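Spelled out, the chains give:
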Amino acid sequence: MASNPVPPDAGARPSPGMILERLARGATRAARITHTEHLPPRIGSHADWPEQIRPEVIDAIRSAGIDRPWAHQARTSEHALRGESVVVATGTASGKSLAYLAPVLSTLLDGSEAPNGRGATALYLAPTKALAADQRRAVRELAAPLGTAVRPAVYDGDTPVEEREWVRQYGNYVLTNPDMLHRGILPAHPRWSSFLRALRYVVIDECHSYRGVFGSHVAQVIRRLRRVCARYGSEPVFLLASATAAEPAEAATRLTGLPVVEITEDTSPRGELVFALWEPPLTELHGEQGAPVRRTATAETADLLTDLAVQGVRTVAFVRSRRGAELIALIAQERLAEVDRSLPGRVAAYRGGYLPEERRALERALHSGDLLGLAATTALELGVDVSGLDAVVIAGYPGTRASLWQQAGRAGRSGQGALAVLVARDDPLDTYLVHHPEALFDQPVESTVLDPDNPYVLAPHLCAAASELPLTEADFALFGPAAAGLMPQLEAANLLRRRARAWHWTRRERAADLTDIRGQGGSPVQVVEDGTGRLLGTVDAAAAHTAVHDGAVHLHQGRTYVVRHLDLADNVALVEEAHPPYSTTARDTTAIAVLETDTEIPWGDGRLCFGSVEVTNQVVSFLRRKLITGEVLGETKLDLPPRTLRTRAVWWTVTEDQLDAARVNPEQLGGALHAAEHASIGMLPLFATCDRWDIGGVSVPLHPDTLLPTVFVYDGHPGGAGFAERAFHTAADWLTATRDAIASCECEAGCPSCIQSPKCGNGNDPLHKRGAIRLLGELLRGVPEQA
């Protein structure tokens, strides 16, 4: 850690290369950088605003310091004004907001002069509350010269009840999120009738974030919105924005159900970006089964955040988990106190689950510069415009190249140079990437994976649509080809009732409450301080068994709590403040049954399959680990009920002949399959827009349904999320990369960088590294040419 602090915010801003050089001082530090990528600055290309943009709007834009638009901004506006839905997919800080705001503001200004009626309206959808709040601030500043013609207002779960009626009646640029659209606006559409009747534009920001189950739900919410708008005589134009998207027009069309034009050429200028890949060193410790252990990405990122704060470098450290964000902020604060007592208060954590007032205070502090460093989950990733950041540290590969570039783009947003550092976790994919930089820097971002036809997604939205307006056969084309086939099932379940030519929702409860569009399943668990009754926050229902089980360590706002009791009946976790010298990790067991095989391809004597499965999972214990080293201190049994999941999976089988050819004997078989399963789960995010925690796996030396040695990889969401299907279609490349990742790891018998998994329910036993390499090699020899 730096010993001579530079006064924060003092002097000229250092170059990104200089910042990295300071971080890498010392022989051991320099060796941790496996690759440095230099992205040169780019010169911008201007154009003129379309003639239809009102001169008052152009003057307001000029007042904000922008004389002329970039060419991609002008082209986006042209399509919008022609009534064509358009997606602008250009780099972070390329001015996408202005590309859609110019035509929206111009249209709202036109509408404000209408002699009768309310005038035009626009709806803005953001994946996070933070982004919507940030965009309202930006719109207010930009539209201030236009007076009351533009009335931006946030309408989400944090909006006070007394303000909601004003928003419905007078707001003409309403900023919300898909959750509120699903639960609050569409079910109450008669109260929004004047707004919806005048709706001209729907802006969908950060559209690449709508993937997997969440994206599939949002696609159906948007179809419900289009249907209700048609009822009131409007047909809004959709304007989508994404800093990172592959085949953006195709993805936007899947999301909206409409033809969409794409704008992908980025004509904005860009400062230099220095991007370093950083691998923490091996420690003297040994983990499960005696495997060598690397220093954790959490500890390494806390060090880097500390050093950057000492240098006065404004930094956001992106962390994959809520606990990790809290822990990194806590460690950095403790280390900064040793250097300068004024610095700990300038570093904080930011994550989902905070109360609204806590989130807003942190956002203001980051905007103002009061905070030098922030350890944040992806709740801050999506578009919060924080000008003046110098560096981004990414603690572990975020799961997709799209998210990686999104996070890296948070720095340098004022056009200056920026530093990005990816700190590898002890994980197969992270290790592979820091030693194969071409997989990051020479490949396009992933295609967005979503499946709106998933019956677990579609069915509740058909019910919600029927409760909004009676559902007819004419609506089936809007909701997709699977809609008609689900109607008899919904009738049999007494969810819908057919009368004459339409289906009606007849129950007393709200149809919108049938599903959680975030795919979390069930009501969130409230985290309550025992003794005081104070609500600390919430935990998603799906994560409750692993995150707030009895004895779990829970971090909140830098304070450490231990869960005294998890009450599943009341969805409450009672916690008490404590200071244990350890963290906790849940262990579980998993069994899987094949329900239906959709597709089967021979790979030599083996088979590659895709279909439906039922997964039974039970959290059975938890480990206590030392905070910094990860060393296991002990294991405690838990008594939690099993949970079942019907989902989609890809699986492959091998025969006795293939085992003989691979020289895998019966004693090695379980370990070889288990190792291949772990590594393939770790590598799948390179080929599908998923996270390791979105998917699961099971390996069995003799599975009762296949009667062969089998490895399964399944989607961790009811009905599937599209990830296993993507794995099936890219299996040759996916499993080749898996074999290469295991083979290239320098460990002797397997470690967290290749075949050990942090969520293994069997304590990473058995595992057989060499057997997995030979087994995958033999399987891949049978890949058909067309694969």
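The shown structure was predicted, so the numbers you read here are calculated from the model rather than taken from an experiment. (Residues numbered from 1 in each chain as written. Predicted model: local features only at pLDDT ≥ 70, side-chain atom pairs only at ≥ 80, totals over all residues. Heavy atoms only, no water.)

*Asks:* Before we go on, may I ask you to explain the overall build of the chain in this structure?
*Replies:* Per the secondary structure count, the chain includes 26 helices and 30 strands. Taking 28 Å as the expected radius of gyration for a compact globule of 787 residues, we find that the chain reaches 26 Å, a close match to that expectation. Residues counted as buried form 59% of the 787 residues belonging to the chain. Carbon together with sulfur atoms contributes 49% to the accessible area of the chain, which is approximately 30600 Å² in total. Considering the chain, the positive charge centre built from 78 side chains and the negative charge centre built from 95 side chains are found 5 Å apart. (Helix = DSSP H or I, 4+ residues; strand = E, 2+ residues; numbered from the N terminus. Rg over C-alpha atoms; globule rule 2.2 N^0.38 Å. Buried < 20%, exposed > 50% of the residue type's maximum accessible area, 1.4 Å probe, protein only. Areas by Shrake-Rupley, 256 points an atom, 1.4 Å probe, with all protein chains shown as cover. Lys, Arg positive; Asp, Glu negative; His and termini not counted. Charge placed at Lys NZ, Arg CZ, Asp CG, Glu CD.)

*Asks:* Honestly, empty space enclosed by the protein in this entry has me stumped. Any pointers?
*Replies:* Where empty space is left becomes clear once a probe the size of a water molecule has been rolled over the atoms. For the structure on display, the rule yields three cavities of 30 Å³ or more. In this structure, the largest cavity occupies an estimated 60 Å³ of space. Together, ten residues line the largest cavity, and Cys-207, His-208, Ala-251, Ala-252 and Thr-448 are the ones closest to its centre. Broken down by class, the residue content of the lining of the largest cavity amounts to eight nonpolar, two polar and no charged. If you add up the space inside the second largest cavity, you get close to 40 Å³. Surrounding the second largest cavity, Arg-320, Tyr-397, Gly-399, Arg-425, Asp-427, Leu-429, Gly-682, Pro-685 and Arg-692 form its lining. Looking at the lining of the second largest cavity residue by residue, the class counts come to three nonpolar, two polar and four charged. (1 Å grid on protein atoms, 1.4 Å probe; cavity = no way out; pocket = protein on both sides within 12 Å on 5 of 7 lines; lining within 4 Å. Points joined across faces, edges and corners; volume = space filled by probe spheres on them. Nonpolar A, V, L, I, M, F, W, Y, C, P; charged D, E, K, R; others polar.)

*Asks:* So what exactly am I meant to see when it comes to helix H4 (residues 71-81) here?
*Replies:* Given 3.6 residues to a turn, an α-helix orients residues that are three or four positions apart in the same direction. The buried fraction of H4 amounts to eight of the eleven residues, a majority that puts the element mostly inside the structure. Residues Ala-71, His-72, Gln-73, Ala-74, Thr-76, Ser-77, His-79 and Ala-80 constitute the buried set of H4.

*Asks:* Honestly, helix H11 (residues 248-256) in this entry has me stumped. Any pointers?
*Replies:* For H11, the complete set of buried residues consists of Pro-248, Ala-249, Ala-251, Ala-252, Leu-255 and Thr-256. The arc enclosing the buried residues of H11, seen along the axis, measures out at 165 degrees, which places them on a common side. Here the buried face of H11 lies against strand S2 (86-88), strand S6 (199-204), helix H10 (212-231), strand S7 (237-241) and strand S8 (261-263). Taken from the residues just after H11, Gly-257 is the one with a positive phi, measuring 80 degrees. (Arc of directions from axis to C-beta. Contact = heavy atoms within 4.5 Å.)

*Asks:* Any chance you could explain the nonpolar core here in plain terms?
*Replies:* With 87 residues, the main nonpolar core has Phe-275, Trp-652, Leu-684 and Trp-734 as its most contacted residues. When residues in this core are grouped by element, the largest group, eight residues, is from helix H23 (residues 666-683). Those residues in contact with Trp-652 that sit more than four places away from it in its chain are Arg-607, Leu-608, Leu-673, Ala-676, Pro-709, Thr-710, Val-711, Leu-735, Leu-775, Leu-776 and Leu-779. (Core = buried A, V, L, I, M, F, W, Y, C linked by side-chain atoms within 4.5 Å.)

*Asks:* Teacher, can you tell me more about the packing of aromatic side chains here?
*Replies:* Geometry of an aromatic ring pair is reported as the spacing of the ring centres plus the angle between the planes. Under the counting rule described, the total for this entry stands at twelve aromatic pairs. Aromatic pair Tyr-124 and Tyr-173: ring centres 6.4 Å apart, planes at 45 degrees, arrangement tilted. Of the two residues, Tyr-124 sits in strand S3 (residues 121-125) while Tyr-173 sits in strand S5 (residues 173-176), which places them 49 residues apart along the sequence. Accessibility classification places Tyr-124 together with Tyr-173 in one group, the buried group. Where Phe-476 meets Trp-503, the ring centres are 5.5 Å apart and the plane angle is 40 degrees; that geometry is what we call tilted. With Phe-476 in helix H19 (residues 476-479) and Trp-503 in strand S19 (residues 502-505), this pair connects stretches of sequence that are 27 residues apart. Overall, the relative accessible area of 3% leaves Trp-503 in the buried class. Members of the aromatic cluster, connected to one another through ring pairs, are Tyr-100, Tyr-124 and Tyr-173. Positioned above the aromatic ring of Tyr-155 is the side chain of Arg-164, whose terminal nitrogen or guanidinium carbon lies 5.6 Å from the ring centre. (Phe/Tyr/Trp six-rings, centres within 6.5 Å; stacked < 30°, edge-to-face > 60°. Lys NZ or Arg CZ within 6 Å of the ring centre and 35° of its normal.)

*Asks:* When you look at the environment of Gly-720 in this model, what are you seeing that I'm missing?
*Replies:* By secondary structure assignment, the location of Gly-720 is in the loop between strand S30 (710-715) and helix H24 (723-729). A C-alpha to C-alpha distance of 4.8 Å links Gly-720 and Arg-648, two positions 72 residues apart in sequence. Other than its neighbours up to four places away in sequence, Gly-720 contacts Val-213, Asn-454, Thr-647, Arg-648 and Asp-715.

*Asks:* Whenever I open this one, the side chain of Glu-279 confuses me. Can you help?
*Replies:* By secondary structure assignment, the location of Glu-279 is in the loop between strand S9 (273-278) and strand S10 (282-286). A distance of 3.4 Å separates polar atoms of two side chains, one belonging to Glu-279 and the other to Arg-294. With residues near it in sequence (within four places) discarded, Glu-279 still touches Arg-32, Thr-34, Arg-294, Ala-424, Thr-431, Val-434 and His-435. (Polar contact = N/O pair within 3.5 Å; in protein donor to acceptor, adjacent residues only side chain to side chain.)

*Asks:* Sorry if this is basic, but what is going on with the sheet that holds strand S16 (residues 418-423) here?
*Replies:* Strand pairing in a sheet relies on backbone hydrogen bonds. The paired strands run either parallel or antiparallel. Pairing within the open sheet is mixed, and its seven strands lie in the order S1-S9-S16-S15-S12-S14-S13. The open sheet has two edge strands with one neighbour each: strand S1 (33-39) and strand S13 (347-350). Direction aside, the axes of adjacent strands within the sheet are offset by 15 degrees on average. Alignment of strand S12 (residues 315-319) against strand S14 (residues 373-376), held across four bridges, turns out to be parallel. Residue pairing across strands places Val-316 opposite Leu-374, the latter belonging to S14. (Pairing = 2+ DSSP bridges. Axes fitted to C-alpha atoms, helices over the stretch in contact; angles between N-to-C directions.)

*Asks:* Explain the packing of H10 against helix H18 (residues 455-468) to me, please; I cannot follow it from the model alone.
*Replies:* The description of two packed helices rests on the angle between their axes and on the distance between the axes. Two elements in contact, H10 and H18, have axes separated by 10 Å at closest approach and are oriented at 20 degrees. In this view, H10 runs roughly parallel relative to H18, as classed from their interaxial angle. Considering how the two elements wind past one another, H10 and H18 form a crossing that is right-handed. Residues Ser-216, His-217, Gln-220, Val-221, Arg-224, Arg-227 and Val-228 of H10 lie in contact with H18, whose contacting residues are Tyr-456, Val-457, Leu-458, His-461, Ala-464, Ala-465 and Glu-468. Considering only residue class, the contact of H10 with H18 consists of seven nonpolar, four polar and three charged. (Parallel < 35°, antiparallel > 145°, perpendicular 65-115°, else oblique. Left-handed = near helix turned anticlockwise from the far one by under 90°.)

*Asks:* I keep staring at the pattern of salt bridges and nothing clicks. Help me out?
*Replies:* Proximity of charged atoms lets side chains of opposite charge pair with each other. As enumerated under the stated definition, the model contains 36 salt bridges in all. A salt bridge links Arg-534 to Glu-529, with the nearest nitrogen and oxygen atoms 3.2 Å apart. The exposure class assigned to Glu-529 is buried, which follows from its relative accessible area of 13%. Here Glu-748 ties to Arg-770 by a salt bridge, and the two come within 2.6 Å at their closest N and O atoms. Remark: Arg-770 occurs in helix H26 (residues 769-781) and Glu-748 occurs in the loop between helix H25 (731-744) and H26; sequence separation between them is 22 residues. Using a relative accessible area of 44% as the deciding quantity, one classes Arg-770 as partly exposed. Residues joined by salt bridges that share partners form a network here, namely Arg-32, Arg-295, Glu-300, Asp-303 and Arg-335. (Salt bridge = Lys/Arg side-chain N within 4 Å of Asp/Glu carboxyl O.)

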